[in-house]
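Here are the chains, one letter per residue:
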Amino acid sequence: MIYCVEDDTNIREIEIYTLKSLGLEAEGFEDGKAFFTALENNVPDLVILDVMLPDLDGIEILKRLKSNHKTRDLPVIMATARGAEFEKVQALDIGADDYLAKPFSMIEMAARVKAVLRRCHKDTSSVITVDKLKINEESRTISVNDIEVDLTYKEFELLLLLVKHEGRVYSREQLLDIVWGTDYDGESRTVDVHIRTLRQKLMSMDYIIKTVRGIGYKAEF
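Values in this document were obtained by computation on a predicted structure and should not be read as measured data.

1. Looking at the sheet that holds strand S9 (residues 147-149)
So, point 1. Taken together, four strands build an open sheet; the order of strands is S6-S7-S8-S9 and the sheet is antiparallel. Of all the strands in the sheet, just strand S6 (127-130) and S9 have a single pairing partner and so form its edges. Taking the axes of each pair of neighbouring strands and ignoring which way they run, one obtains an average angle of 25 degrees across the sheet.
So, point 2. Across four bridges, the pairing between strand S7 (residues 133-136) and strand S8 (residues 141-144) is antiparallel. Its bridge partner being in S8, Ile 135 is matched across the sheet by Ile 142.
So, point 3. Strands S6, S7 and S8 of the sheet are contacted by helix H6 (residues 153-164), whose axis makes an angle of about 110 degrees with S7.

Rendered as structure tokens:
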């Protein structure tokens, strides 16, 4: 999922259309308030953030993202006015991953989005550590309190998906599509059963998997 924060309706709609044509999920927001409200439920894979916004400016939004442990690693591409060198330098210093100088073409935007996503997701073999939980993607093993825990294939995939997208809420149907595959025609209750077993195996770390009533599940830590 990519969030586009842009107050110009025409530009925002074109950005979303372009991203969706590339096979990416995208959602747009006209100001910082709407953006932060959406972040409470879902943390996207990348944000395209305009500097000039009607409430909070993009630089202030970027500062808030980088000061919050849940969003500090969230990739951000800033959209700045052409020739605004100070804005570009300031954004990069704060932690922006790239910038687009307005007016920019959709071809350029698409290329920069692809490049940032590649850079930010290139290391798939690193060990993910959350408190006393360690997940090794390469060996497909996990441990809690340095004690190895035996997970089934689906349990591991569920845990990895939720942890790597902390804060993002997944419905049962989405989890079935992603983990079991789009051709799976079983019941969504399968997800609940696997989540319950996974929590039991995580022992003292079971708290990281949260139930979002009426929707599904998310990781939070």
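2. Overview of the sheet that holds strand S5 (residues 98-102)
So, point 1. In space, the five strands of this open sheet follow the order S2-S1-S3-S4-S5, with parallel pairing throughout. Sheet topology places strand S2 (26-29) and S5 at the edges, where each strand pairs with a single neighbour. Here the strands of the sheet are splayed against their neighbours by 20 degrees on average, with no regard to which way each runs.
So, point 2. The pairing of strand S1 (residues 2-5) with strand S3 (residues 46-50) spans four bridges and is parallel. Pairing of Val 5 across the sheet is with Leu 49, part of S3.
So, point 3. Packed onto the sheet, helix H1 (residues 9-21) meets S1, S2, S3 and S5 and runs at close to 170 degrees relative to S2.
So, point 4. Across the sheet, helix H2 (residues 32-39) is in contact with S1, S2 and S3; its angle to S1 comes to roughly 160 degrees.

3. Side note on the UniProt feature "modified residue: 4-aspartylphosphate" (unreviewed entry) in the chain
So, point 1. As recorded in UniProt, the sites labelled "modified residue: 4-aspartylphosphate" (unreviewed entry) are Asp 50.
So, point 2. As for its position among the elements, Asp 50 is in strand S3.
So, point 3. Those residues within four positions of Asp 50 in sequence are excluded, and the remaining contacts are Val 5, Glu 6, Asp 7, Gly 58, Ala 79 and Lys 102.

4. Some remarks on the side chain of Glu 155
So, point 1. Along the chain, Glu 155 falls in helix H6.
So, point 2. In this structure Glu 155 comes out as buried when scored by relative accessible area, which is 4%.
So, point 3. Ignoring any residue separated from it by four or fewer positions in sequence, one finds Glu 155 in contact with Asp 150, His 194, Thr 197, Leu 198 and Lys 201.

5. Topic: the pattern of salt bridges
So, point 1. According to the stated counting rule, one finds 13 salt bridges in the structure shown.
So, point 2. Here Lys 70 makes a salt bridge to Glu 220, at a shortest N to O gap of 3.7 Å. Of the two residues, Lys 70 sits in the loop between helix H3 (58-67) and strand S4 (76-81) while Glu 220 sits in the segment after strand S12 (216-219), which places them 150 residues apart along the sequence.
So, point 3. Here the residues in one salt-bridge network are Glu 6, Asp 50 and Lys 102, joined through shared partners.

6. Regarding the domain arrangement of the chain
So, point 1. Each assigned domain of the chain is listed with its residue range as follows: domain 1 (2-121) and domain 2 (127-219).
So, point 2. Contacts between domain 1 and domain 2 engage eight residues on the former and six residues on the latter.
So, point 3. Buried surface at the junction of domain 1 and domain 2, both sides included, amounts to about 610 Å², of which 31% is carbon and sulfur.
So, point 4. In terms of surface lost to domain 2, no three residues of domain 1 exceed Asn 42, Val 43 and Asp 45, which account for 51% of the buried area on that side.
So, point 5. On inspection of domain 1 and its partner domain 2, the count reaches two salt bridges.
So, point 6. Across the pair Asp 45 and Arg 168 runs a salt bridge whose closest N-O atoms are separated by 3.7 Å.

7. Here we look at the pairing of S7
So, point 1. A one-sided burial pattern is seen for S7, the buried positions being Leu 133 and Ile 135 and the unburied ones Lys 134 and Asn 136.
So, point 2. Here S6 runs beside S7; their pairing, made up of four bridges, is antiparallel. When the bridges of S7 are listed, Val 127 appears paired with Asn 136.
So, point 3. Counted between consecutive antiparallel strands, the loop separating S6 from S7 contains two residues, among which Asp 131 sits at a positive phi close to 55 degrees.

What counts and what doesn't
Residues numbered from 1 in each chain as written. Predicted model: local features only at pLDDT ≥ 70, side-chain atom pairs only at ≥ 80, totals over all residues. Heavy atoms only, no water. Pairing = 2+ DSSP bridges. Helix = DSSP H or I, 4+ residues; strand = E, 2+ residues; numbered from the N terminus. Axes fitted to C-alpha atoms, helices over the stretch in contact; angles between N-to-C directions. Contact = heavy atoms within 4.5 Å. UniProt positions renumbered as here; feature names shortened; annotations may be inferred. Buried < 20%, exposed > 50% of the residue type's maximum accessible area, 1.4 Å probe, protein only. Salt bridge = Lys/Arg side-chain N within 4 Å of Asp/Glu carboxyl O. Domains from an automatic or database assignment. Buried area = accessible area lost by both parts, 1.4 Å probe.

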